[in-house]
Amino acid sequence: MQSQPQTATPHAETVDPKRVTSRILKTGARIPAIGLGTFGSDHVSPETVAEAVQYAASIGYRHFDCASVYGNEHRIGEAFRQLFQNGLRREEVWVTSKLWNDKHGEDDIIPSCEKSLADLQVDYLDLYLVHWPFPNHHPPGCDVTARNPYAVPYIHQNYMRTWRKMEELVDRGLVRHIGTSNMTISKMKLLLRDARIKPAVNEMELHPHFQQPEFFRFLVDNGIQPIGYSPLGSPARPERDRTAEDTSPTEDPAIRAIAARLGIHPAVVCIKWADQRGQIPIPFSTNPKNILSNLLGVVGEPLSQQDMDAIEKLDRNCRLIKGHVFLWKDNQSWKDLWDVNGVITPA
Ligand SMILES: NC(=O)c1ccc[n+]([C@@H]2O[C@H](COP(=O)([O-])OP(=O)(O)OC[C@H]3O[C@@H](n4cnc5c(N)ncnc54)[C@H](OP(=O)(O)O)[C@@H]3O)[C@@H](O)[C@H]2O)c1
């Protein structure tokens, strides 16, 4: 029987986690079809994110998308400890973490994973991702014009050295699955050619204005589960991460019209679309009402095929998380990070 963790926060409605469908990975493991994002950026404290995790678990979430660079795994670990104390079983929860860009060195990967395990107070991770395919990093909170003088382009040999250690984490039982994030088709083809343990998932930006149809199909065809980050178009991302050409899926008139007709928030339309299309959305929220609405989105009435078709046509190829700070040259276009011509951008 599935236990319901206790929480100090009173709540009116909960969702039986059994009602949330799972996606089945190549290994046969089941990953819940929605997760809670935990990136508070620079405006939500670790304590508030940890409270959101605890609340989300209490109402039925069983999947949490964490990362060392979010700076809050120690507080989320405290929330997990309390949830486990109150009856939630470790195997009922899917916990993801990510290797940050400054830890790609061969001697850094295992200690970095061990630190996430200790902070999150779990003895294994369900999923560990290479957060970005570049070892380039930057100080927290810096502007999009910031560049690291040691930044380099994608070097497959180096990525594979990192990946071998990721594979070792699986061999050692510290993580159950490994995966990638912020990849491209060109980079993924090389990884699939050379990996002993293939990535189980790829985490990528996915919302109605940025659907990445070709990459999405490529992943599905290769048995890799897409996880969609910023599923609502990251409406609260900091000013420094915005550019004039950005658009907002939750403000799209067609999404708003569907939302108005169904009596739900446009954000929930984005969640339903993501789930029905086959990616796993990981919306961030610290607002209990929104946390619940997003979960209800995946267990409630689905969108009609007509609405799904209409949303497919809204794609604007509008990438919001461009990654400027990971560029390796001055005056370089952020598109160089994304191999837009199908070829990995050289030095
Ligand atoms: N792998 C990567 O490189 C990467 C990159 C970016 C993000 N991520 C992951 O993806 C997660 C989600 O992405 P994100 O945080 O950029 O953006 P997002 O989930 O698209 O948007 C989050 C924002 O939407 C609001 N919101 C959530 N549910 C809502 C609802 N039902 N109605 C109205 N507003 C709602 C939230 O505000 P309230 O708190 O007020 O509800 C929050 O400000 C992150 O937290 C992180 O875990 C991964």
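Right, let's walk through the structure included here. Remember, predicted model here, so these are calculated numbers, not experimental data.

1. Focus on the overall build of the protein
Looking only at helices and strands, the protein features 10 helices and 10 strands. The C-alpha radius of gyration of the protein comes to 19 Å, within 12% of the 20 Å expected for a compact globule of 347 residues. In terms of overall dimensions, the protein has C-alpha extents of about 55 × 45 × 35 Å along its principal axes. Split into buried and exposed, the 347 residues of the protein put 43% on the buried side.

2. Observations regarding the site of the ligand
The local shell around the ligand holds 30 residues, among which Gly-37, Ser-234, Ala-236, Phe-284 and Ser-285 are the closest. Those elements that provide at least two residues to the shell around the ligand are helix H8 (266-277) and helix H9 (288-299). Looking at the shell around the ligand element by element, the count peaks at three residues for H9. Partitioned by chemical class, the residues of the shell around the ligand number 12 nonpolar, 15 polar and three charged.

3. A few points about helix H2 (residues 73-85)
For H2, which comprises 13 residues, the first-to-last C-alpha distance of 18 Å matches the rise-based estimate of 18 Å (1.5 Å per residue) to within 8%. Every buried residue of H2 is listed here: Glu-73, Arg-75, Ile-76, Gly-77, Ala-79, Phe-80 and Leu-83. Residues of H2 that are buried make contact with helix H1 (46-59), strand E5 (94-99) and helix H3 (109-120). Looking one or two residues beyond H2, the residue adopting positive phi is Gly-87, at roughly 115 degrees.

4. Some points on unusual backbone geometry
With a phi angle near 60 degrees, Gln-121 is a residue other than glycine that sits in the positive phi range. Position of Gln-121 among the secondary structure elements: in the loop between H3 and strand E6 (127-130). Gln-121 gets classed as partly exposed once you count the C-beta atoms within 10 Å, which come to 17. A positive phi is found at Asn-182, a non-glycine position, where the angle reads about 60 degrees. Tracing the sequence through the fold places Asn-182 in the loop between strand E7 (178-181) and helix H5 (185-194).

5. Some words on the nonpolar core
With 77 residues, the main nonpolar core has Val-53, Ala-56, Ile-76, Tyr-128 and Cys-270 as its most contacted residues. Counting residues per element, this core draws most heavily on H1, at eight residues. With near-sequence residues (within four places) excluded, Ile-76 lies in contact with Thr-38, Val-49, Ala-50, Val-53, Cys-66 and Leu-120.

6. Regarding the packing of H1 against H9
Between H1 and H9, the shortest axis-to-axis distance is 10 Å and the interhelical angle comes to 45 degrees. Judged by the angle between their axes, H1 and H9 are oblique. H9 is crossed by H1, and the crossing has right-handed handedness. On the side of H1, the interface is formed by Ala-52, Tyr-55, Ala-56 and Ile-59, while H9 contributes Pro-288, Ile-291, Leu-292 and Leu-295. The residue makeup of the contact of H1 with H9, split by class, is eight nonpolar, no polar and no charged.

So, how was this worked out
- Residues numbered from 1 in each chain as written.
- Predicted model: local features only at pLDDT ≥ 70, side-chain atom pairs only at ≥ 80, totals over all residues.
- Helix = DSSP H or I, 4+ residues; strand = E, 2+ residues; numbered from the N terminus.
- Rg over C-alpha atoms; globule rule 2.2 N^0.38 Å.
- Buried ≥ 20, exposed ≤ 12 C-beta atoms within 10 Å, placed from the backbone.
- Near = placed C-beta within 6 Å.
- Nonpolar A, V, L, I, M, F, W, Y, C, P; charged D, E, K, R; others polar.
- Expected span 1.5 Å × (residues − 1).
- Contact = placed C-beta atoms within 7 Å.
- Core = buried A, V, L, I, M, F, W, Y, C linked by C-beta atoms within 7 Å.
- Axes fitted to C-alpha atoms, helices over the stretch in contact; angles between N-to-C directions.
- Parallel < 35°, antiparallel > 145°, perpendicular 65-115°, else oblique.
- Left-handed = near helix turned anticlockwise from the far one by under 90°.

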